[in-house]
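So you can see what is in the structure, the chains are spelled out below.
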Amino acid sequence: MRIDTHHHHKKAGENLAFVFFMNLAFNILVIVGGLATNSMAILADCIHDLSDTISIALAWALEKVAQKDSTEKYSYGYQRFSILGAVIISVFVIIMAFVILNEAIPRLFAPESVDAKGMLIVAVVGIIFKSISVYRLHDGETFNEKAILFHQLGDVFEWIAILILSLVLMFWDGAPYLDPFVSIGIALWLIFNLGRNLYKSVEVLLQKTPDYFDVGEFKNLILSIDGVNAIEDFHIWSLDGIDSVMTLKVDVDFEKNVEEIKKEIYDISGKYHVVDITIELD
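Conventions and cut-offs
Residues numbered from 1 in each chain as written. Predicted model: local features only at pLDDT ≥ 70, side-chain atom pairs only at ≥ 80, totals over all residues. Heavy atoms only, no water. Axes fitted to C-alpha atoms, helices over the stretch in contact; angles between N-to-C directions. Helix = DSSP H or I, 4+ residues; strand = E, 2+ residues; numbered from the N terminus. Parallel < 35°, antiparallel > 145°, perpendicular 65-115°, else oblique. Left-handed = near helix turned anticlockwise from the far one by under 90°. Contact = heavy atoms within 4.5 Å. Nonpolar A, V, L, I, M, F, W, Y, C, P; charged D, E, K, R; others polar. Expected span 1.5 Å × (residues − 1). Buried < 20%, exposed > 50% of the residue type's maximum accessible area, 1.4 Å probe, protein only. Arc of directions from axis to C-beta. Polar contact = N/O pair within 3.5 Å; in protein donor to acceptor, adjacent residues only side chain to side chain. Pairing = 2+ DSSP bridges. Phe/Tyr/Trp six-rings, centres within 6.5 Å; stacked < 30°, edge-to-face > 60°. Lys NZ or Arg CZ within 6 Å of the ring centre and 35° of its normal. Salt bridge = Lys/Arg side-chain N within 4 Å of Asp/Glu carboxyl O.

Draft legend 1. A look at the packing of helix α7 (residues 215-223) against helix α8 (residues 258-270). Look at α7 against α8: their axes get within 10 Å of each other, and the N-to-C directions meet at 155°. In terms of their interaxial angle, α7 and α8 are classed as roughly antiparallel. Considering only the axes of α7 and α8, their crossing is right-handed. On α8, the residues touching F218, L221 and I222 of α7 are I265, I268 and S269. For the contact of α7 with α8, a count of residues per class yields five nonpolar, one polar and no charged.

Okay, here's the thing in structure tokens:
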């Protein structure tokens, strides 16, 4: 039995479209601000923010694809395009974080003066733009949204750090090394969190049993159904980190109401985000 459900991908597409246009507008501000202030933290974010926009555009496009119904070529539908997007985006952002590290580390040993007041203005604008994007994505369900959420949340932390840094530099001329130091901290934060998201996304692609699915509990519930003797074969995997597919072979007593047994199995499975169920009774 197939339960048609694309609602979370439709919502994800809407969220990512909003965040994309927010970042596109902000890109211009970051480029101008970075050139005007000569701040490594802001100049690094020019690269970082460009990767934001590209990543979000890709995520948005793949979420649109994920909403398509199944076809002869893709009999399970296109939901896995969402998780594919999460993998690509996570890898891309991690690479960009290493680019930031490569630019920032040499500045630790050869710090340059920056325009602290200009940094302060850009930081305030950055916090506003990025906080709006985080709020829009905070209740997202898909791995795609989570990948972009971590990226945007990292941006919020970065701009808060730049705001604090600009205030420090306004009153302490001897601390220009703090500018690249902030960039390094944010880059490491991104590598760690996007690395975790990448790991979880790859697990889904490799058809690992979903983390939220308690196999022992599920089997006990099935075995407790009147007329079920044993579970002979069982497989479950996730399409996109949210909805799952299951095949189940059950030894039943055919003197019982077989249709009622199947209905109970469907009802139990539905509580676990299982949207495609194949049941074989033996």
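Draft legend 2. Structural detail: α8. Spanning 13 residues, α8 covers 19 Å between terminal C-alpha atoms, matching the ideal 18 Å at 1.5 Å per step. Among all positions in α8, only I261, I265, I268 and S269 are buried. Angular distribution of buried residues about the axis of α8 spans 100°; they occupy a single face of the element. Capping the start of α8, N257 holds a side-chain oxygen 3.2 Å from the backbone nitrogen of E259, two or three residues further along.

Draft legend 3. Inspection of the sheet that holds strand β2 (residues 244-252) at higher detail. Ordered by their spatial adjacency, three strands build an open sheet running β1-β2-β3, and the pairing between neighbours is mixed. A strand with exactly one partner marks an edge of an open sheet, and here the two such strands are β1 (228-238) and β3 (274-281). On average, each strand axis in the sheet is tilted by 15° relative to the strand beside it, whichever way the strands run. With seven bridges connecting them, β2 and β3 associate as parallel partners.

Draft legend 4. Structural detail: the packing of helix α3 (residues 80-109) against helix α6 (residues 178-205). α6 packs onto α3 with a crossing angle of 160° between their chain directions and a minimal axis gap of 8 Å. Classified by the angle between their axes, α3 and α6 sit roughly antiparallel to one another. Helix-helix and strand crossings are classified by hand; for α3 and α6 the assignment is left-handed. When its residues are assigned to classes, the contact of α3 with α6 shows 25 nonpolar, five polar and three charged.

Draft legend 5. Looking closely at the packing of aromatic side chains. For the structure shown, the criterion picks out six aromatic pairs. Taking 5.6 Å as the distance between ring centres and 35° as the angle between the ring planes, the aromatic pair formed by F218 and F234 counts as tilted. Here the residue F218 occupies a position in helix α7, and F234 occupies one in strand β1, the gap between them amounting to 16 residues. One aromatic cluster in this structure is built from F26, F129 and W159. Taking NZ or CZ as reference, R136 lies 4.7 Å from the ring centre of F18, over its face.

Draft legend 6. How the structure looks around the pattern of salt bridges. Under the definition given, this model contains four salt bridges. We note a salt bridge from D211 to K208, for which the minimum N-O separation is 2.5 Å. When its relative accessible area of 34% is taken as the criterion, K208 is described as partly exposed. Between D267 and K263 there is a salt bridge, and its shortest N-O distance comes to 3.1 Å. In this pair, D267 and K263 are both assigned in helix α8, four residues apart and thus about one turn of the helix distant. Each of K200, K208 and D211 takes part in salt bridges that share partners, so that together they form one network.

Draft legend 7. Layout of the environment of D226. Assignment of secondary structure puts D226 in the loop between α7 and β1. Classification of D226 as exposed rests on a relative accessible area of 55%. Distance from D226 to V252, taken between C-alpha atoms, is 9.0 Å for residues 26 residues apart in sequence. When residues no more than four places from it in sequence are discounted, the contact partners of D226 are K256 and I261.

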